[in-house]
Structures are given as C-alpha cells and as structure tokens.
Amino acid sequence: MEAPDQRLDQILAVISNDRLDQIPEPLLDRLTQPRPSVFDQVALSVAFYLDDIDGLDEVRTRVAWRAEVNPGALRRDAVAIDMLLAESHSPGKLMLLVGDSCCVIDDETWVLGEKACDQVVAAWLADLASMIREVLESNGR
C-alpha cells in the first residue's frame, strides 16, 4: 500500500534541480515540509468525523460531503486508516484517537472512555474506511 504522500515524493524526485525555481515558493515550501505521521493524519480525520455527531447517519453525511468537496482527501483518509490498522500499537494508543468522543458502531452511539478499548476503536476505524470506499465507489471516484 502506497503512503498518501509517496506519490508527491516521487514527483519531486523527477523534477530536476534546475527547474525547482519554477515552482512557486509557497507551494515548494508546502511540498517539502515534514509530513504528519499516519497516526496524526488519522487523528485529524477522526476529529472531523466525530466532532459533535448525533449518529451514524451524520457520519455518512460528512463522508458524502467530503467526497463531493475533496475526494482525494477522502481517499487519503481511507489509505491512512488502513495503514494505521496494519501497524502494531502499544495498548491504549488507538483510544487516544477518540478521547472522550462518541463512536458510532452498529447504528448505536457509544460514549468512549472506560468502556472502549483499542479493539473497539480499530473496528470502528475499519468500518469508517469501508464506508469511505463505498461512498467513493458510489460517486464513481
């Protein structure tokens, strides 16, 4: 699985040094700044999807909206989630992604905290990535 920013690194590698001055400086700065870790990428996405939700329908609405506005970012969310779930983590690490947020599992809203565990968060993340892919496929993206 290719990391979300690997393609960008490949593009930069092909640009010869004598042509780098043709890239606007703000864009070049953005392209060369350190990338957030996969964990941090997923944390930002989860914050977007979980912020003040009322249920699974609201999560689906946010995913559909993002598919319309920025399908590339949505696709990167799914890849980052898959990459995160493929890694091994210390106990409690995945729970840091959701903190005291609510988590929607099987059309029920679960308040995460003492009831949650990394396995519950991992299952929710896998479901979220699956939902993202379904929305992208249904939109032909």
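Details of the structure are given in the entry above.
These numbers were taken from a predicted model, which means no experiment stands behind them.

K.L.:
Account for the overall build of the chain, with residues named and values stated.
P.N.:
When helices and strands are tallied, the chain shows 6 helices and 2 strands. From first element to last, N terminus to C terminus, the chain shows the α and β order α-α-α-α-α-β-β-α. In the structure as shown, the chain presents an accessible area of about 8,800 Å², 51% of it carried by carbon and sulfur atoms.

K.L.:
Pulling in residues and values, what's your account of the packing of aromatic side chains?
P.N.:
In the structure shown here, the tally under the stated rule is 2 aromatic pairs. When the centroid spacing of 5.0 Å and the interplanar angle of 75 degrees are considered together, the rings of Phe48 and Tyr49 count as edge-to-face. Given the relative accessible area of 28%, Phe48 is considered partly exposed. With relative accessibility at 0%, the residue Tyr49 sits in the buried group. An aromatic cluster is present here, built from Phe48, Tyr49 and Trp65 joined pairwise through their rings. Against the face of Phe48 rests Arg66, its NZ or CZ located 5.2 Å from the ring centre. Positioned above the aromatic ring of Phe39, the side-chain terminus of Lys93 is 4.6 Å from the ring centre.

K.L.:
How would you summarise the nonpolar core if you had to cite specific residues and measurements?
P.N.:
One finds Val42, Val63, Leu84, Leu97, Leu125, Leu128 and Ile132 to be the most contacted residues of the largest nonpolar core, which totals 29 residues. Among the secondary structure elements, those contributing two or more residues to this core are α3 (38-50), α4 (56-69), α5 (71-86) and α6 (118-138). At 9 residues, α6 tops the list of elements feeding residues into this core. Beyond its immediate sequence surroundings of up to four residues, Val63 is in contact with Tyr49, Leu74, Leu128, Met131, Ile132 and Val135.

K.L.:
Now, about α6: what can you tell me, with residues and values included?
P.N.:
When the terminal C-alpha atoms of α6 are compared, their 30 Å separation across 21 residues agrees well with the 30 Å that a helix rising 1.5 Å per residue should span. One or two positions beyond α6, positive phi appears at Gly140, with a value near 70 degrees.

K.L.:
Describe in detail the packing of α3 against α4, supporting the description with residues and values.
P.N.:
Between α3 and α4, the least distance of the axes is 9 Å, while the angle of their chain directions is 120 degrees. Judged by the inter-axis angle, α3 sits oblique to α4. In this structure, α3 uses Phe48, Tyr49 and Leu50 to contact α4, whose residues at the interface are Val59, Arg62, Val63, Trp65 and Arg66. By residue class, the composition of the contact of α3 with α4 is 6 nonpolar, no polar and 2 charged.

K.L.:
Quick rundown of the pattern of salt bridges? Include the residues and the values.
P.N.:
One pass over the structure, following the stated rule, counts 4 salt bridges. Notably, a salt bridge pairs Arg62 with Glu58, separated by 3.0 Å at the nearest N-O pair. Here Arg62 pairs with Glu58, and both are found in helix α4, just 4 residues apart, close to one helical turn. Owing to a relative accessible area of 18%, Arg62 belongs among the buried residues under this scheme. When the shortest N-O distance is used, the salt bridge between Asp82 and Arg133 registers 2.9 Å. Remark: Arg133 occurs in helix α6 and Asp82 occurs in helix α5; sequence separation between them is 51 residues.

Here is what the cut-offs are and how they apply
Sequence order sets the numbering: in each chain, residues are counted from 1 along the sequence as written. A pLDDT threshold of at least 70 governs which residues receive local features in this predicted model, and a stricter bar of 80 or more applies before side-chain atom pairs are shown or counted, although totals over entire chains, interfaces and linings include all residues. Note that the side-chain values use all heavy atoms of the structure and ignore hydrogens as well as water. In this description a helix means any DSSP run of H or I spanning at least four residues, a strand means any run of E spanning at least two, and both kinds are numbered starting from the N terminus. We get accessible surface area from the Shrake-Rupley algorithm with a probe of 1.4 Å; when it comes to residues, only the shown protein chains can shield them. Ring geometry is summarised as follows: Phe, Tyr and Trp rings, the Trp one being its six-membered ring, pair when their centres sit within 6.5 Å, and such pairs are stacked at plane angles under 30 degrees, edge-to-face over 60 and tilted between the two. Remark: exposure states derive from per-residue accessible area (1.4 Å probe, protein chains only) relative to the maximum for the residue type, with buried under 20%, exposed over 50%, and partly exposed in between. Sitting over a ring, as applied to charges here, requires NZ of Lys or CZ of Arg to be within 6 Å of the ring centre and within 35 degrees of the ring normal. Grouping buried Ala, Val, Leu, Ile, Met, Phe, Trp, Tyr and Cys residues that are joined through side-chain atoms within 4.5 Å yields what is termed a nonpolar core. Contacts are assigned to residue pairs that have any heavy atoms within 4.5 Å of one another. Multiplying 1.5 Å by the helix residue count minus one yields the expected span of that helix. To obtain an axis, a line is fitted to C-alpha atoms, over the contacting stretch when the element is a helix, and the angle between two such axes runs from 0 to 180 degrees between their N-to-C directions. Under this scheme an angle from 65 to 115 degrees is roughly perpendicular, one under 35 degrees roughly parallel, and one over 145 degrees roughly antiparallel; angles in between are oblique. The nonpolar class holds Ala, Val, Leu, Ile, Met, Phe, Trp, Tyr, Cys and Pro. Asp, Glu, Lys and Arg form the charged class, and all remaining residues, Gly among them, are polar. What counts as a salt bridge is simple: a side-chain nitrogen of Lys or Arg found within 4 Å of a carboxyl oxygen of Asp or Glu.

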